[in-house]
Amino acid sequence: MKSILVTGGTSYIGKHCIAQLIEKGYNVRTTIRDISKSDEIKSDLESHLDKKISLDIFEADLLKDDGWNEAIKGCDAIIHIAGPFPVGFEGGEKELTGPHEDGAMRVFNLAKDNGIDRIILTSSVASIWMDSTIDDTVRYIDENNWTNLSDANLDAYTKGKALKEKAAWDFVEKNDSIKLTTILPSIVFGPGIGAPVRRGSLELFLMLIKNEMPVAPPLKVGVVDVRDVARMHIAALENDKSIGKRMILAENTYWMKEICTMINEHGHKAPTFTPPVFLVKFMANFDKTIRPVKPLLGVDVSFNTDLAKSILDYNPIPIEKTIKDTSDFLKSYK
């Protein structure tokens, strides 16, 4: 029975990965920044799985060496998920890029030192959708695209994700003992495990249903179910054909107005008015929630998910179910 380390045990995706690995019979260990949350995480997972579980939990921070060697030593593979995803972040750039890039390299170096040869890395479409070679009105994006790191206008989150994935591929090019697959989800919705937290894609959903975003910006995004994201991490781990590949995940792409309309079918009042592109681009200069996606406003984006479908048998949960289940999950915690 293999022992798998999942970093970021408190995270939205991390909890689903842990749950699915346990269901498949793996020995699982995880890292969290605050060990006092151990009982809460275990309780959330036991409630979700409806059974008692065994889970080894280690305290480790991506910006510190402490705890990482203990967490990594003796495992067979690593699913590296940990990394911040705030919406509208206004702090220093290194506060976001550091945990992504430096933290990943800390994990990769210790994996090599401990003889671990398999890593599944959670990246994001953020590492591909700001490619400077793509047309300004239509963007058809596949695994060959890379966000342009020399773009001075990149927000810290996008830059951090791109730096992390780039550093990971550079590392394995120099250290061929490590077999890497990267998973690139688009916006992640779906029911969480445990009480909802205002982080990442789930925060976007909450902003929409709480009318904290006054309009539906002219933005087209991919959407993927969190349960599929976890499933694809494990499918990549179990399929050697995924080694050396970047796997993009999106059920499809949708304009924000379309997403809001689907959300409202479940009793919410998300914004459905979309202002003209030129006006939202002007607003983006002052609105921290829109500013990071200013270059994508009005752009018809689509993602090529053929690799995930052909190699990992990615058969996406329909967006209608994802949105319904997300809504039901959030209502259950009102």
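Keep in mind that this is a model prediction, so the values were computed, not measured.

K.L.:
Can you tell me about the overall build of the chain, naming the residues and giving the values?
P.N.:
Within the chain, the secondary structure is distributed over 11 helices and 12 strands. Each of the three principal axes of the chain carries a C-alpha extent, and together these read 55 × 45 × 40 Å. When the 334 residues of the chain are sorted by exposure, 57% land in the buried category. Long-range contacts, defined here as pairs at least 24 residues apart, represent 78% of the contacts in the chain between residues at least 6 apart. Carbon and sulfur atoms form 48% of the exposed surface of the chain, whose accessible area is close to 14600 Å². Computed over 42 positive and 48 negative side-chain charges, the inter-centroid distance for the chain is 2 Å.

K.L.:
Mind laying out the sheet that holds strand E8 (residues 187-189), listing which residues take part and the relevant values?
P.N.:
Strands belonging to one sheet form pairs held by backbone hydrogen bonds; the direction of such a pair is parallel or antiparallel. The strand order across the open sheet formed by 3 strands is E8-E9-E11, and the pairing between neighbours is mixed. Of all the strands in the sheet, the pair left with one neighbour each is E8 and strand E11 (252-255). In this sheet, adjacent strand axes meet at a mean angle of 45° when their direction is disregarded.

K.L.:
Account for a negative patch on the surface, with residues named and values stated.
P.N.:
There is a patch of like negative charges on the surface, built from Asp34, Glu59, Asp66 and Glu70. Inspection of the secondary structure puts glutamate 70 in helix H3 (residues 68-72).

K.L.:
Would you mind going over the side chain of arginine 118 in detail, with residue names and values included?
P.N.:
You can see arginine 118 is positioned in strand E5 (residues 118-122). This buried residue, arginine 118, is left without a salt bridge; aspartate 240 holds the nearest opposite charge, at 4.7 Å. Here lysine 179 takes part through its backbone oxygen, which lies 3.0 Å from a polar atom of the side chain of arginine 118. Of the polar contacts made by the side chain of arginine 118, one reaches the side chain of serine 242; its length is 3.0 Å. Once residues lying within four places of it in the same chain are set aside, the contact partners of arginine 118 are Asp76, Ala77, Ile78, Lys179, Leu180, Thr181, Ala236, Leu237, Asn239, Ser242 and Ile243.

Calculation notes
Residues numbered from 1 in each chain as written. Predicted model: local features only at pLDDT ≥ 70, side-chain atom pairs only at ≥ 80, totals over all residues. Heavy atoms only, no water. Helix = DSSP H or I, 4+ residues; strand = E, 2+ residues; numbered from the N terminus. Buried < 20%, exposed > 50% of the residue type's maximum accessible area, 1.4 Å probe, protein only. Contact = heavy atoms within 4.5 Å. Areas by Shrake-Rupley, 256 points an atom, 1.4 Å probe, with all protein chains shown as cover. Lys, Arg positive; Asp, Glu negative; His and termini not counted. Charge placed at Lys NZ, Arg CZ, Asp CG, Glu CD. Pairing = 2+ DSSP bridges. Axes fitted to C-alpha atoms, helices over the stretch in contact; angles between N-to-C directions. Patch = residues over 30% accessible without salt bridge, like charges linked within 9 Å, V, L, I, M, F, W, Y side chains within 5 Å. Salt bridge = Lys/Arg side-chain N within 4 Å of Asp/Glu carboxyl O. Polar contact = N/O pair within 3.5 Å; in protein donor to acceptor, adjacent residues only side chain to side chain.

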